Amino acid sequence: MPTVFDVYKILSAAYGYQGWWPLVSKRDSPGFDSRGYRLSPALHPLNREERFEITLGAVLTQNTSWKNVEMVLENLLNAKALSPESIAEIPVEELETLIRPSGYYRQKARRLKELTPLLFGESDSGTDGSHGRDFLLSLKGIGPETADSILLYASNEASFIADLYTRRFYARLAGEQKIGEYERVKSIFEKALPKKADLYAEYHALIVKHGKEHCSARPVCRGCPCSSFCLSSQGA
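For clarity, every value in this text was computed on a predicted model and none was experimentally measured.

Across the 11 residues of helix α8 (residues 144-154), nine count as buried, placing the element largely inside the fold. Listed in full, the buried residues belonging to α8 are T146, A147, D148, S149, I150, L151, L152, Y153 and A154. Check the buried side of α8 and you find it contacts α2 (48-60), α7 (133-137), α10 (182-192) and α11 (197-213). N156 sits one or two positions beyond α8 and adopts a positive phi of about 60°.

Take a look at the structure:
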């Protein structure tokens with residue numbers, strides 16, 4: 001089996017640059033496509049509002065698809081409610097209506113109301129690196145995947161995301177019968193890779209792309225760029 005870093009290069013050659021995390025507020029802006037994905041790896045320094053949008057998306061995408069989250073962020077953008085101050089001021093009933101497409105909208109509205117002042121309070125530190133993983137995990141409603149998404153994409157910290165796509169992908173590559181535990185798989189990737197946030201971000205995005213194309217719950221091994229060395233594919 002190739003190294004973890006070699007697999008990254010194979011996926012990158014197969015799918016090209018992914019441009020994550022998409023920003024609805026940057027759609028069709030210079031350097032971004034019509035869905036808010038970056039057109040090139042050139043660093044775009046995130047401002048406070050963009051960091052907030054990413055954090056918001058990371059919380060809202062729990063138990064739903066990104067397509068639904070895009071609708072919610074579009075709603076918030078159109079309602080001029082895509083800022084920490086707006087979320088703090090907007091009546092909870094109105095917030096529930098705006099985020100309804102994300103599912104569990106009453107619970108998520110309360111969560112956003114509670115988390116916003118903790119992450120984007122008067123100090124204006126936001127998710128600029130001052131809030132570590134332990135702090136994020138101590139907050140109600142933020143689990144490991146959400147915490148790592150915020151750290152990696154909003155704070156530009158090298159914290160690998162071992163979401164279901166990643167854990168399923170690794171289990172199949174390694175020929176493991178069960179999908180691995182989150183922290184174990186996270187550690188495997190982090191130990192095998194240079195500690196670089198841009199590398200972690202692009203690798204995660206490539207794994208999600210690969211998961212949608214080939215390595216979903218029902219794998220499509222035909223045409224898979226990893227089939228020649230995937231132990232699960234070879235044993236099928």
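Of the consecutive residues W20 and W21, the connecting peptide bond is found in the cis state with omega at -5°. Looking at the element boundaries, W21 is found in the loop between α1 (4-15) and α2. Residues other than glycine seldom take positive phi values, yet N63 does so here, at roughly 65°. The residue N63 is located in the loop between α2 and α3 (66-78) in this model. Judged by its relative accessible area of 67%, N63 falls in the exposed class.

To continue, consider the side chain of K26. Of note, K26 is situated in the loop between α1 and α2. Non-local contacts of K26, meaning those with residues more than four positions away in its chain, are made with F32, D33, G36, H44 and E50.

Side chains of R100, R106, R110 and K140 sit close together on the surface and give a patch of like positive charge. Using a relative accessible area of 45% as the deciding quantity, one classes R110 as partly exposed.

So, about empty space enclosed by the protein. Scanning the model with the defined rule gives two cavities of 30 Å³ or more in all. Taken as a whole, the largest cavity spans an internal volume of roughly 60 Å³. Lining of the largest cavity is provided by F52, T55, L56, V59, L112, L115, T116, L119 and F120. Where the lining of the largest cavity is concerned, the elements lending two or more residues are α2 and α6 (105-119). When the residues that make up the lining of the largest cavity are grouped by side-chain class, the tally is seven nonpolar, two polar and no charged. There is about 40 Å³ of room inside the second largest cavity. Lining the second largest cavity are M1, T3, V4, V7, F169, Y170, L173, F189 and Y203. Of all the secondary-structure elements, those providing two or more residues to the lining of the second largest cavity are α1 and α9 (164-174). Broken down by element, the lining of the second largest cavity gets its largest block of residues, three residues, from α9. Taken together, the residues that form the lining of the second largest cavity break down as eight nonpolar, one polar and no charged.

Looking now at the pattern of salt bridges. Scanning the model with the defined rule gives 12 salt bridges in all. Here E70 and R27 are joined by a salt bridge, their closest N and O atoms 3.9 Å apart. Remark: R27 occurs in the loop between α1 and α2 and E70 occurs in helix α3; sequence separation between them is 43 residues. Judged by its relative accessible area of 28%, R27 is partly exposed. Salt-bridge contacts for E85 lead to R48; the nearest nitrogen and oxygen are separated by 3.0 Å. Within this pair, whereas E85 is found in helix α4 (residues 84-89), its partner R48 is found in helix α2, the two being separated by 37 residues in sequence. Given a relative accessible area of 13%, R48 falls into the buried group. One network of salt bridges, in which partners are shared, links R133, D148, E183, K186 and E190.

The computed volume of the largest pocket comes to approximately 830 Å³. Around the largest pocket, the lining comprises 33 residues; the ones closest to its centre are W20, W66, Y165, V208 and K212. Considering each element in turn, the lining of the largest pocket owes the most residues, six residues, to α11.

Definitions and cut-offs
Residues numbered from 1 in each chain as written. Predicted model: local features only at pLDDT ≥ 70, side-chain atom pairs only at ≥ 80, totals over all residues. Heavy atoms only, no water. Buried < 20%, exposed > 50% of the residue type's maximum accessible area, 1.4 Å probe, protein only. Helix = DSSP H or I, 4+ residues; strand = E, 2+ residues; numbered from the N terminus. Contact = heavy atoms within 4.5 Å. Patch = residues over 30% accessible without salt bridge, like charges linked within 9 Å, V, L, I, M, F, W, Y side chains within 5 Å. Areas by Shrake-Rupley, 256 points an atom, 1.4 Å probe, with all protein chains shown as cover. Salt bridge = Lys/Arg side-chain N within 4 Å of Asp/Glu carboxyl O. Lys, Arg positive; Asp, Glu negative; His and termini not counted. Charge placed at Lys NZ, Arg CZ, Asp CG, Glu CD. 1 Å grid on protein atoms, 1.4 Å probe; cavity = no way out; pocket = protein on both sides within 12 Å on 5 of 7 lines; lining within 4 Å. Points joined across faces, edges and corners; volume = space filled by probe spheres on them. Nonpolar A, V, L, I, M, F, W, Y, C, P; charged D, E, K, R; others polar.

Scope: geometric values only; no functional claims are made or implied.
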